[in-house]
Structure formats: C-alpha cells, structure tokens
Amino acid sequence: MSNVLIKSADIVGKGRRDVLVRDGRVAEIGSVSEKSTVAKDVEVVDADGLVLLPGLVDLHTHLREPGREDAETVLSGTRAAAKGGYTAVCAMANSYPVADTAGVVEQVAALGRAAGYADVQPIGAVSIGLEGKRLAEIGAMAQSAAAVRMFSDDGHCVHDPVLMRRALEYVKTFDGLVAQHAEEPRLTEGAQMNEGAVSAELGLPGWPSVAEEAIIARDVLLAEYTGARVHFCHVSTARSVDIIREAKARGAKVTAEVCPHHLLLTDEAARSYDPVYKVNPPLRREADVAVLRAALVEGVIDAVATDHAPHAPQDKECEWAAARPGMLGLETALSISVLALGGPAEVDWDVLAERTSRTPARIAGLEAHGRDPQPGTEANFTLVDPSATWTVVPEGLASLSRNTPYAGMELPVTVQATFLRGRATVLNGKIEEETHS
Ligand code: NCD
C-alpha cells in the first residue's frame, strides 16, 4: 500500500486536510475527492479525529543485533519502533561485535532494509571496541554504504580528552558529529543510582550529577575549540541544562537529547528495589525532571530520544546491583512525551513534532524524515489518536524484551498508523505483518 488517501487528518500547523500519497510520496494535499482515486488502486484511510505527525525519529536506539538477539533484533526493534510511531531509528554501536567497522554498520543497515519497518541508520563507535583507547575506523564507516555520520561509544563515555579531540577533528571534515555519553567514570565507580537523599537512605552507592556535568562542560569547550558538532545523549540533570544553554548562547555547535523516563520518573522509584528502574544515567530528582521538561519546551534540549535498552530477563530480573541498566522506550516514548508536555489537551503538537521528529532528523542528517507533508516529500508519517488511552501490557509489546517501567499504567495517545514511504507499517494500531522490503 504505497498509494493511499489519508482523509481528514489534523495536520500539525495546517488544520484538517486530505493527503494523497502515490508511489511513496505526497502527491496532493487539500480536499482530495475519493472518486478520482478509486480506479487507481488507492487505499483510503479515515483519519477523522487523528493528528498527523511527521514520522518520529529516534536518535538513540539499542537494537542489540548483532550479538544479543535474545534481547532484541533489528526486526523486533524496528517493529517496536513502528508501533511507537517511528519511521527512522539510529542504532547505537554497543552490539557484539561492536559497530566499529564498515562491515558491522553495513550489516545493521542491511538488516534494517530487509525488515522494512523503519529506516535504520547505524551509529558508529568512536573507539575500537568502545574501549576508549584508539579511534575506530571512522572514515571507513562514513564512506561505507551505511554512510555513518554520527559516532558514539554510548554505554561508555569518551573519557580521554585527546581521543575526544581527535574524533571531533575527524568528524568535522565531513560534518559528522560525536554523540557523547557524558559520565566521568572515576566519579561513578560502583554507582547504582542517583546520588542524593534517597541513595543515602537506601545505602546504595550514588552516581553524582557532577559526573555528567563535568563531561558536558569539557566537551562544550572541545566543541568550541575544534568547531565540531557534539550531541549530548540522555541529559539528566538541571545543571547540565544550564551548561548547554550557555554553550548555545555562545554559538557552540552542541545539541542535546532527553529520554522520556527522565521526563517522568524520579529516584524515588528505587525504593522499590525493582531493577526495572535501574538505568544509566539514573533517574534523578523531581527538581531535575521539572527543569528538563521546561528545557525541552524551550528548545535548549533539542530532541526526545528513547535510549530504548532491551534486556533479557536474566539480566534484569535479578537483584538491583547485578541488573543491567536500561529500559524499553520505543513503544511508550510518544505517550510519555505527551504527558511530560502537559497531557493531550495541553500539548503543543508543533513542539512535539519538532522535538520528536523534525529536529532529530536534522541532527542525524536523515533528509527524508522529519518532513511535514508537502507535495513531493516522502510519505513518512504517523497518525495518532489524541483522545485515546492505552494500558501498557509488557507481554503485548512488539519488543522481544519486557523491561518497561510503565507496566500496568494507563497512558494517553495511541499510534493508529505509521507510514514508511507510503506503506503502512502499522494500521488500526496493529503491526502490518506482510514484509515490506
Ligand atoms: C544502555 C544499554 O543497555 O545499552 N543502558 C542504559 O541504561 N542506558 C547503555 C548505557 O548507557 O549504560
């Protein structure tokens, strides 16, 4: 179904319109007569009451393939993405083997194309094996068929300032960027949760906010010194926001993302000792959540990114200290973002489209994504029902893993349909089962 007539969608910024898609691209917007389309093999989708957003773009997805296909595969992860309204995801490099060569990034991109549920843009490792010692084959990954532009050792901080400087000088030559997992490792040795009153009470070793802020401050300086682009992954503290705001005001080429869980949950959740709440960086204080929400609306934080981190039961359903950090995100990100931006009645859909689609597409250089419908653009959209609610049932998720912190919660907004180049990957809230390759 790459010829489709979407009837009466509420298009952000334009009001109610019909959108006619032919051969994967927008052919017409406005009032399109059904009669003119019936003879031409066009499927009609009734979007009355639904909001049409540019397809969501995730800057930070762990797809776990190659290497941990028991937790997620490119296929299952992109099905989860489509279910969540995403049309493109950037796949983090901490797979086994690590995505530090042209061969691995090409393999991940090829698996994404074969699955056909969302465009998969691999992120390359900054350092060989994520070890922080020697630069990975950045040039070869950039020149490969996967055309990598974003590099990250996520899961690990690029801690060595010399390595970070060299990586920035390198990526600058092709307008690439480094996505930094900001964590000063000496300050977080043994850390289990946010350092503060709750960690003191529980007696768990703390992850101090300064461990994030110190690296962000350093990398702002390195970005300015080299003139290269730095993107900050999963920003989680109020002080980080201040540093990024000042850096942007000076004209540093820095961008930042926040994760849905850091917009909603706090370190109070650790009192349950349920490792589903263990994540890196950790859940912070209420005061951080409030600042992150405001910064997202303001645009100091550029994008929502899921940090979708699927884990197999044996890595998560164990004691807190032994559990891996990370939580699922793709299928709940839109609902949680709407909640964080004030709920379905209050949310500014244009801001939501900006932070979940247009800006992340721009940061990642995904030109066919993050586009509002215009004649000629690729039809990468999602249709959401702003007045519907749903209950998160872990067993019902498309992800292979179950580590969602929202189990049993009723969330606002449902994804009714997702279109990738005009093909429905999700229709009537259900994943389309035919292969799309
Ligand atoms: C990430 C993962 O599981 O790959 N986990 C997480 O809590 N964000 C990696 C990491 O950043 O530790």
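As the structure is a prediction and not an experimental result, all values here were calculated from the model.

Engineer: I'm lost on the site of the ligand in this one. Help?
Structural biologist: Close to the ligand lie 13 residues; Arg-64, Asn-94, Asn-280, Asp-307 and Pro-325 are nearest. Here an oxygen atom of the ligand sits 2.7 Å away from a polar atom, N or O, in the side chain of Arg-64. Between Asn-94 and the ligand, the recorded distance is 2.9 Å, taken from a side-chain N or O atom to an oxygen atom. Protein chains shield 93% of the accessible area of the ligand, which is 310 Å² for the free molecule. Among the residues making up the shell around the ligand, the classes are represented as three nonpolar, seven polar and three charged.

Engineer: I would appreciate a short explanation of the packing of aromatic side chains in the present structure.
Structural biologist: Where two aromatic rings form a pair, the distance of their centres and the angle of their planes describe that pair. All told, the structure shown has one aromatic pair when counted by the stated rule. Pairing Phe-151 with Phe-174 gives two aromatic rings, centres 6.1 Å apart and planes at 70 degrees, and the pair type is edge-to-face. With a gap of 23 residues between them, Phe-151 in strand E9 (residues 150-151) and Phe-174 in the loop between helix H5 (161-172) and strand E10 (177-180) connect regions that are remote in the sequence. Phe-151 sits in the buried class, given a relative accessible area of 0%.

Engineer: Honestly, the UniProt feature "binding site: substrate" (unreviewed entry) in the protein in this entry has me stumped. Any pointers?
Structural biologist: With numbering matched to this structure, UniProt assigns "binding site: substrate" (unreviewed entry) to His-62, Leu-63, Arg-64, Asn-94, Asn-280, His-311, Pro-325 and Gly-326. Relative to the elements of secondary structure, His-62 occurs in the loop between strand E6 (56-61) and helix H2 (74-83). Judged by relative accessible area, which is 4%, His-62 ranks as buried. For His-62, the residues in contact, after removing those within four places along its chain, are Met-92, Asn-94, Asp-154, Asp-307, His-308, Ala-309 and Pro-310. With respect to the helices, strands and loops of the structure, Pro-325 is situated in the loop between helix H10 (313-316) and helix H11 (333-340). The residues touching Pro-325, leaving out its near neighbours within four places in the chain, are Lys-278, Val-279, Asn-280, His-311 and Lys-316.

Engineer: Please clarify how the sheet that holds strand E7 (residues 86-91) should be interpreted in this entry.
Structural biologist: Sheets are built from strands that pair by backbone hydrogen bonding, the pairs being arranged parallel or antiparallel. Read across the open sheet, the three strands follow the order E6-E7-E8; overall the sheet is parallel. Only two strands of the sheet have a single neighbouring strand rather than two, namely E6 and strand E8 (119-122). The sheet shows a mean angle of 20 degrees between the axes of neighbouring strands, direction not considered. The pairing of E6 with E7 spans four bridges and is parallel. Its bridge partner lying in E7, Asp-58 is registered against Val-89. Strand contacts of helix H3 (residues 102-115): E7 and E8, with the helix running at about 175 degrees to E8, the strand carrying the most contacts. Set on the sheet, helix H12 (residues 349-364) makes contact with E6 and E7; between it and E6 the angle comes to about 55 degrees.

Engineer: Can you help me understand the nonpolar core in this one?
Structural biologist: Formed by 80 residues in total, the largest nonpolar core has its most connected members in Leu-53, Phe-232, Val-235, Ile-301 and Trp-349. Contacts of Leu-53, omitting those with residues within four sequence positions, involve Val-12, Leu-334, Trp-349, Leu-352, Ala-353, Phe-381, Thr-382 and Val-384. Counting residues in each nonpolar core, the second largest holds 18 residues, with Ile-6, Val-26, Ala-379 and Leu-383 among its members.

Engineer: Whenever I open this one, the environment of Ile-244 confuses me. Can you help?
Structural biologist: Position of Ile-244 among the secondary structure elements: in helix H8 (residues 238-249). Considered as a pair, Ile-244 and Thr-356 are 112 residues apart in the sequence and their alpha carbons are 19 Å apart. Leave out the neighbours within four places in its chain, and Ile-244 touches Ile-216, Phe-232, Val-235, Ala-256 and Val-300.

Each value, and the rule that gives it
- Residues numbered from 1 in each chain as written.
- Predicted model: local features only at pLDDT ≥ 70, side-chain atom pairs only at ≥ 80, totals over all residues.
- Heavy atoms only, no water.
- Near = heavy atom within 4 Å.
- Polar contact = N/O pair within 3.5 Å; in protein donor to acceptor, adjacent residues only side chain to side chain.
- Areas by Shrake-Rupley, 256 points an atom, 1.4 Å probe, with all protein chains shown as cover.
- Nonpolar A, V, L, I, M, F, W, Y, C, P; charged D, E, K, R; others polar.
- Phe/Tyr/Trp six-rings, centres within 6.5 Å; stacked < 30°, edge-to-face > 60°.
- Helix = DSSP H or I, 4+ residues; strand = E, 2+ residues; numbered from the N terminus.
- Buried < 20%, exposed > 50% of the residue type's maximum accessible area, 1.4 Å probe, protein only.
- UniProt positions renumbered as here; feature names shortened; annotations may be inferred.
- Contact = heavy atoms within 4.5 Å.
- Pairing = 2+ DSSP bridges.
- Axes fitted to C-alpha atoms, helices over the stretch in contact; angles between N-to-C directions.
- Core = buried A, V, L, I, M, F, W, Y, C linked by side-chain atoms within 4.5 Å.

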